[in-house]
Amino acid sequence: MSKNDWNPDLYLKFDNERIQPSIDLVARIDYNNPTKIIDIGCGPGNSTQILYNRWHESEIIGADNSPAMIKKATDDYPNQKWILFDAGVDNINDKFDLVFSNATIQWIPNHDKLLQRFADLLNDSGVLAVQLPLFFDMPLGKAISEIGRQSNWIAATQGVDNLFTINTAAYYYDHLAKYFSKIDIWTTDYHHVMESQSSILEMIRSTGLKPYLERLADDNKKQQFESLVLDKIKQDYPLQNNGKVLFSFKRLFFVAKK
Ligand SMILES: C[S@@+](CC[C@H](N)C(=O)[O-])C[C@H]1O[C@@H](n2cnc3c(N)ncnc32)[C@H](O)[C@@H]1O
């Protein structure tokens, strides 16, 4: 695994929390027998298994630009099809009935262009189904961004907030309406029950916190940054009576049919 690649094992530690949006998104897709499906940003293949559970007769490709994630998916599900693919730039010479993407497009810039690319990948009656986290709407996302802008961190973390592309429902509606005739958009606020406040830090370390930590010079600096984030988590996500913590996590979904 290269230094800044994803860590599939750390990512899968919180698989229960991460997989529920895929289950909810798949349940909202009104398509009985898609012949070909692509899971864009398939990660370690977890979201892809939700697609397999519903459409086991379909041809399903898992596509991701992380070598570590594609290796993990291939190791865990050797009979399924996995490709290294950058959704922002790579082309694929094929058409699909369903383009699915869970918790991925926030890592890809220029969603106007991206939605057009997704629409181009679809057959005439194809469906696009996407979920993305509303990271900066959450106290945790705001706290990480604020800490990154403090004077002793800004030199290292400048511009990291801009690595995330997250638009409003109104933005997605207007851009989807150029290519799709039926559009559903909704948000869900999950309340994950976490063992402790540190569990929130551990969950976010492999995703939203990852690009900030990558900019810091050494383990000592990373630990200092994380300890500031944990202090904010303790303020924003209080302990419940039984010592557990509710981690409220807001996500935006859309399903669009051509
Ligand atoms: C948070 S994980 C989501 C994994 C899985 N879909 C799930 O539901 O848990 C985001 C994934 O998006 C992938 N990704 C980020 N940018 C990408 C791009 N430009 N093209 C393809 N995959 C990308 C990452 O490598 C990572 O595996």
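All figures in this text were calculated on a predicted structure; none of them were measured in a lab. (Residues numbered from 1 in each chain as written. Predicted model: local features only at pLDDT ≥ 70, side-chain atom pairs only at ≥ 80, totals over all residues. Heavy atoms only, no water.)

**Things to note about the nonpolar core**
Ranked by internal contacts, the top residues of the largest apolar core, which has 27 residues, are Val99, Phe118, Leu128, Leu176 and Phe254. Going through the elements one at a time, strand E1 (36-40), strand E2 (59-64), strand E4 (96-102), helix H5 (111-120), strand E5 (122-133), helix H8 (169-176) and strand E7 (245-257) are the ones with two or more residues in this core. If near-sequence neighbours (up to four positions away) are discounted, Val99 is found in contact with Ile38, Ile40, Phe118, Leu121, Leu122, Val127, Leu128 and Ala129. Among the nonpolar cores identified, the runner-up in size contains 26 residues, and Phe14, Phe135, Phe164 and Leu216 belong to it. (Core = buried A, V, L, I, M, F, W, Y, C linked by side-chain atoms within 4.5 Å. Buried < 20%, exposed > 50% of the residue type's maximum accessible area, 1.4 Å probe, protein only. Helix = DSSP H or I, 4+ residues; strand = E, 2+ residues; numbered from the N terminus. Contact = heavy atoms within 4.5 Å.)

**Brief notes about helix H11 (residues 219-236)**
When the terminal C-alpha atoms of H11 are compared, their 25 Å separation across 18 residues agrees well with the 26 Å that a helix rising 1.5 Å per residue should span. Considered for burial, the residues of H11 that qualify are Phe225, Glu226, Val229, Leu230 and Ile233. One face of H11 carries all of its buried residues, which in axial projection span an arc of 145°. Those residues of H11 that are buried are in contact with helix H6 (139-148), helix H7 (154-157), helix H9 (197-205) and helix H10 (210-214). Capping of H11 at its N-terminal end is provided by Asp218; its side-chain oxygen lies 3.1 Å from the backbone amide nitrogen of Asn220. (Expected span 1.5 Å × (residues − 1). Arc of directions from axis to C-beta. Polar contact = N/O pair within 3.5 Å; in protein donor to acceptor, adjacent residues only side chain to side chain.)

**Quick look at the site of the ligand**
Close contacts around the ligand come from 20 residues, with Tyr11, Gly41, Asp64, Asp86 and Asn102 the closest. With respect to the ligand, the side chain of Tyr11 contributes an N or O atom lying 2.5 Å from an oxygen atom. Between the ligand and the protein, one listed contact pairs a nitrogen atom with a backbone N or O atom of Ala87 at 2.9 Å. Contact with the protein chains removes 96% of the 600 Å² of surface that the ligand exposes when unbound. Taken atom by atom, the bulk of the ligand overlaps the largest pocket. Of the residues assigned to the shell around the ligand, the class counts are nine nonpolar, nine polar and two charged. (Near = heavy atom within 4 Å. Areas by Shrake-Rupley, 256 points an atom, 1.4 Å probe, with all protein chains shown as cover. 1 Å grid on protein atoms, 1.4 Å probe; cavity = no way out; pocket = protein on both sides within 12 Å on 5 of 7 lines; lining within 4 Å. Sits in = over half its atoms within 2 Å of the grid points. Nonpolar A, V, L, I, M, F, W, Y, C, P; charged D, E, K, R; others polar.)

**Considering unusual backbone geometry**
The residue Ala103 is not glycine, and still its phi comes out positive at about 60°. Following the sequence through the fold, Ala103 ends up in the loop between E4 and H5. A residue is classified by how much of its surface remains accessible, and Ala103, at 18% relative accessible area, is buried. One non-glycine residue with positive phi stands out, namely Asn110, at about 60°. Residue placement: Asn110 occurs in the loop between E4 and H5.

**Observations regarding the layout of surface pockets**
When its volume is computed, the largest pocket comes out at roughly 860 Å³. Residue lining of the largest pocket: 48 residues in total, with Trp6, Asn65, Ala103, Thr104 and Trp107 positioned closest to the centre. Only helix H2 (15-27), helix H3 (46-54), E2, H5, H10 and E7 provide two or more residues apiece to the lining of the largest pocket. Counted by class, the lining of the largest pocket contains 24 nonpolar, 15 polar and nine charged residues. (Points joined across faces, edges and corners; volume = space filled by probe spheres on them.)

**Overview of the environment of Thr157**
One can find Thr157 in helix H7. For Thr157 and Phe225, which are 68 residues apart along the polypeptide, the C-alpha to C-alpha distance reads 11 Å. Contact partners of Thr157, with chain neighbours within four places excluded, come to Gly148, Tyr212, Arg215, Leu216 and Phe225.

**Concerning the pairing of strand E3 (residues 81-84)**
Pairing geometry for E2 and E3, over four bridges, is parallel. By the bridge assignment, Asp64 is partnered in E3 with Leu84. You can see the chain leave E2, run along helix H4 (residues 67-76) and come back into E3, and the turn it takes is right-handed. (Pairing = 2+ DSSP bridges. Right-handed = clockwise from strand over helix to strand, strands pointing away.)

**As for the pattern of salt bridges**
For the coordinates displayed, the defined rule picks out 12 salt bridges. Residue Asp112 pairs with Lys178 through a salt bridge whose shortest N-O separation is 3.1 Å. With Asp112 in helix H5 and Lys178 in the loop between H8 and strand E6 (182-194), this pair connects stretches of sequence that are 66 residues apart. Each member of the salt-bridge network shares a partner with another, and the members are Asp9, Lys72 and Asp76. (Salt bridge = Lys/Arg side-chain N within 4 Å of Asp/Glu carboxyl O.)

**Focus on the pairing of E1**
For a regular strand, the rule is simple: side chains alternate between the two faces of the sheet. Of all five residues making up E1, four are buried, and the element is well covered by its neighbours. Crossover E1 to E2 through H3 is right-handed. Bridge analysis of E1 against E4 gives three bridges, and the strand direction is parallel. Paired with Ile37 across the bridge in E4 is Leu98.

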